[in-house]
Amino acid sequence: MRTIRMGAGAGYSGDRIEPAVELVEKGDIDYLVFECLAERTIALAQQARLRDPGAGYDPLLDARLRAVLPACAAKGIRIVTNMGAANPVAAAQRTCTLARDLGLTGLTVAAVTGDDLLDAVRAGDFTLAESGERVASLGNRIVAANAYLGAAPIVAALKDGADVVITGRVGDPALFLAPLIHAFGWRMDDWERLGRGTLAGHLLECAGQITGGYFADPGHKDVPDLARLGFPIGVVAEDGTVEITKVAGSGGRISLATCKEQMLYEVHDPARYLQPDVIGDFSDVEMEEVGPDRVRATGATGSPPTGLLKVSVGYVDSYVGEGQISYAGPGALARGRLAREIVRERLALTGVRTSELRCDLIGVDALHGEALAGGREPYEVRLRVAGRTETLAEAVRIGNEVETLYTNGPAGGGGAWKSAREIVAVQSVLVPAERARPAVHLLTS
Amino acid sequence: MKLRALAHSRTGDKGDTSNISLIAYDMADYAHLEAHVTPERVSEHFRGIVTGAVTRYALPKIGALNFVLTGALGGVTRSLALDAHGKGLSSALLDLEIPDRP
């Protein structure tokens, strides 16, 4: 049976670059997919675009494409990525310039637009899924509203001969599903195959998380050579069956355990994995090790999508000020606790208004509270104070109050650090799918 | 015995909801996990951290349970928590004490 080989070149915007180069050089792949757009990234990119109309795409676009474009062009490997973020057209223009700089003329670069639903969401009467409030309650604090588009515009771009397809927000698995629909001619109502292709995309979308990253636990789950972690290759057959593997000799490990963990990553009901093109059903998936670092997944299926698109709404939520300082040696915990009380009292005395304040002792209770920590006393502790404020000026004062512990606090406080930042938060609304109008723009280098 | 002896786990996040998978190393231990790692046990284990409901989904064909915890993260994108994504919750789950295998 004919197969397509897809490589996952990045699992988030800051991901390592060499593993993608390794896939291109040694992976014998047909498609290279870079997934680089986290929930909040697009809202931050939209803010960048407002400051500079030519900006708003992934800051590592240049570095990633420079590293792989010449070899991809030589081997006919097609690239699909959401590095367009808030400005896919500018990203495509930049890609054409880069390609020409590299001596690659005649490449077709496609930009997929239509995910930006800011006007529709502002004008409509939508309810935020997380808070239950109306979108209107966010007023002019909204900075972005982007729908998770499906595979169709990417398929259209590939049909038009695009060597590189650059999108904004699309469902992450759709970046992988689209090449399969294109290559195998799957129908858009073949729910079983779309479900299987979605599983393949879901397994691959976080790149190193299925080859041994986010997995190692020495003595329990050992993974060789994580510094040279290889990124995954999905070998997908016409019937949608997927095998996950990696370049021989690369670091990491692919096993039933790594694949099962990744299959359930960010999944709620495994029978209803909601995507724009299909509802994936992974509940009857079976996995089998079919060779070294090679696992086959079968049994996924799907059903028709809901007809509603998830739209991430980014808005300026608040400001957060933070300060940290460390204590070590005998009595470290008592001094950390004293420091915590001093900062709490100082913030009250000096009138810093916070709507939420956390005073954690890293090494004791910062991640899961005191109950799970079980009362074990550490050699060193680090106080971390983080508070939410309405203004940046007040946020700055939180870190300052931690820093003044150097000369005004308990003995031996060291390594103070502080920050204050604007928080762009994200909630979501559901919008009828027909409100989004995806479009493909073709450019030539 | 600690859950960590029989199973491994990974945490994912969507909005304010966390999911924690629990996967048997040996398929033969799946029934033991299913019997003892109930949503109620998990909810009790995370008391004070998780404010919402705990729902459990079973995937017997891969020997796994998937726990979905609402109100677990204080809103990832606005959370003041050090581990805003709750990445460490899987390790905390594996510290759960369960009866020895029969």
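Just so it is clear, the model here is predicted, and its values are computed rather than measured.

## Digging into the overall build of chain A
Right, so step 1: In terms of helices and strands, chain A carries 13 helices and 18 strands.
Right, so step 2: Expected size for 445 residues packed as a compact globule is a radius of gyration near 22 Å; at 24 Å, chain A falls within 12% of this value.
Right, so step 3: In terms of overall dimensions, chain A has a C-alpha envelope of 70 × 55 × 45 Å along the principal axes.
Right, so step 4: When contacts within chain A are restricted to residue pairs at least 6 apart in sequence, those whose partners lie at least 24 apart make up 77%.

## Structural notes on the overall build of chain B
Right, so step 1: Of regular secondary structure, chain B possesses three helices and four strands.
Right, so step 2: Taken from N to C terminus, the helices and strands of chain B fall in the order β-β-α-α-β-β-α.
Right, so step 3: Relative to its length of 102 residues, chain B is compact, with a C-alpha radius of gyration of 13 Å against a globular reference of 13 Å.
Right, so step 4: In chain B, buried positions account for 58% of the 102 residues.
Right, so step 5: Expressed as a percentage of contacts within chain B between residues at least 6 apart in sequence, the contacts between residues at least 24 apart total 61%.
Right, so step 6: By element, 51% of the accessible surface of chain B is carried by carbon and sulfur atoms, the whole surface being about 4,000 Å².
Right, so step 7: Within chain B, the 11 negative side-chain charges are centred at a point lying 5 Å from the centre of the 11 positive side-chain charges.

## What about helix 9 (residues 256-264) of chain A?
A turn of α-helix holds 3.6 residues, and therefore any two residues three or four places apart point the same way.
Right, so step 1: For helix 9 of chain A, the buried fraction is high: eight of the nine residues fall into the buried class.
Right, so step 2: Positive backbone phi, approximately 60 degrees, marks Glu 266 of chain A, located one or two places after helix 9 of chain A.

## Some points on the pairing of strand 16 (residues 380-389) of chain A
All names here are of chain A.
Right, so step 1: Most of strand 16 is tucked away: nine of the 10 residues are buried.
Right, so step 2: Sheet analysis places strand 14 (residues 308-328) next to strand 16, joined by 10 bridges and oriented antiparallel. Each bridged residue has a counterpart across the sheet, and for Ser 326 the counterpart in strand 16 is Arg 382.

## A look at the domain arrangement of chain A
All names here are of chain A.
Right, so step 1: Here the domain parsing of chain A yields domain 1 (3-114 + 149-306) and domain 2 (315-428).
Right, so step 2: The C-alpha-based centres of domain 1 and domain 2 are spaced at 39 Å.
Right, so step 3: Listed per partner, the contact involves five residues of domain 1 and five residues of domain 2.
Right, so step 4: For the domain 1 and domain 2 pair, buried surface summed over both sides reaches about 370 Å², with 64% attributable to carbon and sulfur atoms.
Right, so step 5: Connecting domain 1 to domain 2 are zero salt bridges.
Right, so step 6: Between domain 1 and domain 2 we count two residue pairs in polar contact (both at pLDDT 80 or more) in total.
Right, so step 7: A breakdown of the residues in the side of domain 1 that touches domain 2 according to their chemical character gives two nonpolar, one polar and two charged.

## Some words on the packing of aromatic side chains
Right, so step 1: Summed over the entire model, instances satisfying the criterion amount to three aromatic pairs over all chains.
Right, so step 2: Here the aromatic rings of Phe 184 of chain A and Trp 186 of chain A are separated by 5.6 Å at their centres, their planes lie at 25 degrees, and the arrangement is stacked. Neither residue differs from the other here; Phe 184 of chain A and Trp 186 of chain A are each classed as buried.
Right, so step 3: When the centroid spacing of 6.0 Å and the interplanar angle of 85 degrees are considered together, the rings of Tyr 214 of chain A and Tyr 265 of chain A count as edge-to-face. Remark: Tyr 265 of chain A occurs in the loop between helix 9 and strand 9 (273-274) and Tyr 214 of chain A occurs in the loop between helix 8 (191-204) and strand 7 (233-237); sequence separation between them is 51 residues.
Right, so step 4: Taking NZ or CZ as reference, Lys 221 of chain A lies 4.1 Å from the ring centre of Phe 215 of chain A, over its face.
Right, so step 5: Between the NZ or CZ atom of Lys 87 of chain B and the centre of the ring of Tyr 214 of chain A, over which it lies, the distance is 4.9 Å.

What counts and how
Residues numbered from 1 in each chain as written. Chains lettered and ligands numbered in written order. Predicted model: local features only at pLDDT ≥ 70, side-chain atom pairs only at ≥ 80, totals over all residues. Heavy atoms only, no water. Helix = DSSP H or I, 4+ residues; strand = E, 2+ residues; numbered from the N terminus. Rg over C-alpha atoms; globule rule 2.2 N^0.38 Å. Contact = heavy atoms within 4.5 Å. Buried < 20%, exposed > 50% of the residue type's maximum accessible area, 1.4 Å probe, protein only. Areas by Shrake-Rupley, 256 points an atom, 1.4 Å probe, with all protein chains shown as cover. Lys, Arg positive; Asp, Glu negative; His and termini not counted. Charge placed at Lys NZ, Arg CZ, Asp CG, Glu CD. Pairing = 2+ DSSP bridges. Domains from an automatic or database assignment. Buried area = accessible area lost by both parts, 1.4 Å probe. Salt bridge = Lys/Arg side-chain N within 4 Å of Asp/Glu carboxyl O. Polar contact = N/O pair within 3.5 Å; in protein donor to acceptor, adjacent residues only side chain to side chain. Nonpolar A, V, L, I, M, F, W, Y, C, P; charged D, E, K, R; others polar. Phe/Tyr/Trp six-rings, centres within 6.5 Å; stacked < 30°, edge-to-face > 60°. Lys NZ or Arg CZ within 6 Å of the ring centre and 35° of its normal.

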